[in-house]
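# Chains, contacts and geometry: an overview
Residue-level listing of the chains:
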Amino acid sequence: MEKIFTTLTLGCKVNQYETEAMSELFKKAGYRELRDEDPFADIYLINTCTVTNLSDRKSRQMMRRAKKDNPNSVVAVVGCYSQVSPQEVSNLEEVDIVLGTKDRNRIVEYCEEFMNQREQIVAVENIRTFREFEDIHIDTQEDMTRAYLKVQDGCNQFCTYCIIPFARGPVRSRTIEDAVNQARILAENGYQEIILTGIHIGSYGKDLQGVGLIDLIEEIAKIKEIKRIRLSSMEPHSIDDEFMERAVATKKLCDHFHLSLQNGSNRILNKMGRSYSKEEYLEKAKLIRKYMPDAGLTTDIIVGFPSETEEDFQETKKFVKEVGFSRIHVFKYSPRQGTKAAKMKDQIPGNIKKERSKELMELGENIAHSFIDSQKGKSLAVLFEKQEDDGSFQGYTTNYIRVKTFSEKDLKNQVKHVKIVGQGSEPVQALC
């Protein structure tokens, strides 16, 4: 009898990538993914997040809901929450299988073992001792023209607010040979843009001999069918003249950098355990624009970190304007049990965090509009995705502006040059 599985994912792009990779494993083993007309699934795969205590709670809610939908189902829990708190997860009566952030390529095997024996399986190992990159990949990604390629896992930074090094373990990198082979498969399947992703991709190669991220970019750029390479979140220290010179020479690396900031006050950056000052960050931003003048620069900012004063917050606002980001993502600080920051004094009240978040988000919207307007009239290359309900084709420029245009021809998965004619908000109107 046909077995049906479904997936539920919390958290980051890396989690989403890993969920798709596990889905592919189920399909290759003969399982079918849940459809709208199906009453329930036989297997519920829940990929958890543990960045905040709220993430843990949402993960537990998903586990309980899955078993409620089908009491006879297999509930398999994987990911960061189960890695950090395996006992807590395994104590939930709804959970049948507990994996962490290792051995997810054996998920089908574990599910079949449980279905035969009907005894809870807990297979969480100490990730801090793990030194090999887990071979989990995707050959085909549903309804996408841009393909994600995970090339790195783990983090050695131990920022005071972050639990991820404990959930993901130390830095591990996919070998260049393996990454290029996987990129070639994606190219053969029609993908023209590859997004290199990982937990801390700027650390790519630190566990390999004489290899860095730019070496990987150069090798993938040699694949003729791949037109664009995009990077996920980077740290400022990863950027220098050599990196930028070699990146520009590939003629394929997108002029879009998500450069992690977190705060615009040096005092708060120091308390966060970040390894740079705002002055050093600004220097890196200027360096990027020296080589790529129209580069889109996006970032994440945390407001309401313990002891953040109004003066600190105003420093952040001023710095955001000075850098001239194309887009910012604002997060209210949320204490995570097990981190140094959760024990710090002078925790900021929720109402102040909410006010600062709103204020910074409004500034972020204005800055985003200004960046789009600065590109008006320029010829920009867009990789178009699916056609929308209004008949428009939408896609992203290399510097990460979402545009739309109308065409009688099918533009899906085609790179076309456009001229932005609209104002401010995305998707912005463009002429093809």
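Above this note sits the structure.
Scope of this entry: the structure provided in the associated data block. (Residues numbered from 1 in each chain as written. Predicted model: local features only at pLDDT ≥ 70, side-chain atom pairs only at ≥ 80, totals over all residues. Heavy atoms only, no water.)

Turning next to the overall build of the chain. When helices and strands are tallied, the chain shows 13 helices and 18 strands. For 432 residues, the compact-globule estimate of 2.2 N^0.38 gives 22 Å, and the chain sits close to it at 22 Å. Reported as C-alpha extents along the three principal axes, the dimensions of the chain are approximately 65 × 60 × 45 Å. Of all 432 residues assigned to the chain, the portion counted as buried reaches 56%. Relative to all contacts within the chain whose residues are 6 or more apart in sequence, the contacts with residues 24 or more apart total 73%. Entry remark: accessible area of the chain is about 19,600 Å², with carbon and sulfur atoms responsible for 47%. (Helix = DSSP H or I, 4+ residues; strand = E, 2+ residues; numbered from the N terminus. Rg over C-alpha atoms; globule rule 2.2 N^0.38 Å. Buried < 20%, exposed > 50% of the residue type's maximum accessible area, 1.4 Å probe, protein only. Contact = heavy atoms within 4.5 Å. Areas by Shrake-Rupley, 256 points an atom, 1.4 Å probe, with all protein chains shown as cover.)

Before going further, it helps to spend a moment on the sheet that holds strand S3 (residues 43-48). Spatially, the six strands line up as an open sheet ordered S2-S1-S3-S4-S5-S6, and their pairing is parallel. Of all strands in the sheet, those with a lone pairing partner are strand S2 (32-33) and strand S6 (121-123), marking the two edges. Direction of pairing for strand S5 (residues 97-99) relative to S6: parallel, over a ladder of three bridges. From the neighbouring strand, Leu99 faces S6, where its bridge partner is Ala123. Across the face of the sheet, helix H5 (residues 107-117) comes into contact with S3, strand S4 (74-79), S5 and S6 while running at roughly 150 degrees to S4. (Pairing = 2+ DSSP bridges. Axes fitted to C-alpha atoms, helices over the stretch in contact; angles between N-to-C directions.)

The next subject is the packing of helix H11 (residues 278-291) against helix H12 (residues 310-323). Contact pair H11 / H12: the axes reach a minimum separation of 11 Å and the direction vectors enclose 15 degrees. Looking at the two axes, H11 sits roughly parallel to H12. The chirality of how H11 crosses H12 is right-handed. In contact with Lys278, Tyr281, Leu282, Ala285 and Arg289 of H11, H12 contributes Glu315, Phe319, Glu322 and Val323. Across the contact of H11 with H12, the residue classes break down as five nonpolar, no polar and four charged. (Parallel < 35°, antiparallel > 145°, perpendicular 65-115°, else oblique. Left-handed = near helix turned anticlockwise from the far one by under 90°. Nonpolar A, V, L, I, M, F, W, Y, C, P; charged D, E, K, R; others polar.)

Compared with the 24 Å implied by 1.5 Å per residue over 17 residues, the 25 Å span of helix H2 (residues 53-69) between its first and last C-alpha is a close match. Along H2, the positions that sit buried rather than exposed are Ser55, Asp56, Ser59, Met62, Met63, Ala66 and Lys67. For H2, the angular spread of the buried residues around the axis is 125 degrees, confining them to a single face. Residues of H2 that are buried in the fold lie against strand S1 (4-9), S3, S4, helix H3 (80-84) and helix H4 (86-90). (Expected span 1.5 Å × (residues − 1). Arc of directions from axis to C-beta.)

By size, the foremost hydrophobic cluster in this structure holds 78 residues, and its most contacted members are Ile107, Leu196, Leu213, Leu231, Phe243 and Phe257. Phe257 has contacts with Leu231, Ile239, Phe243, Met244, Ile288, Met292, Gly296, Leu297 and Thr298, leaving out every residue within four places of it along the chain. Membership of the second largest hydrophobic core comes to 16 residues, among which are Ile4, Cys49, Val89 and Val95. (Core = buried A, V, L, I, M, F, W, Y, C linked by side-chain atoms within 4.5 Å.)

Here helix H8 (residues 213-221) has its buried residues at Leu213, Ile214, Leu216, Ile217, Ile220 and Ala221. All buried residues of H8 fall inside an arc of 155 degrees around its axis, so they share one side. Those residues of H8 that are buried are in contact with strand S7 (146-153), helix H7 (176-188), strand S9 (193-198), strand S10 (228-231) and helix H9 (241-250).

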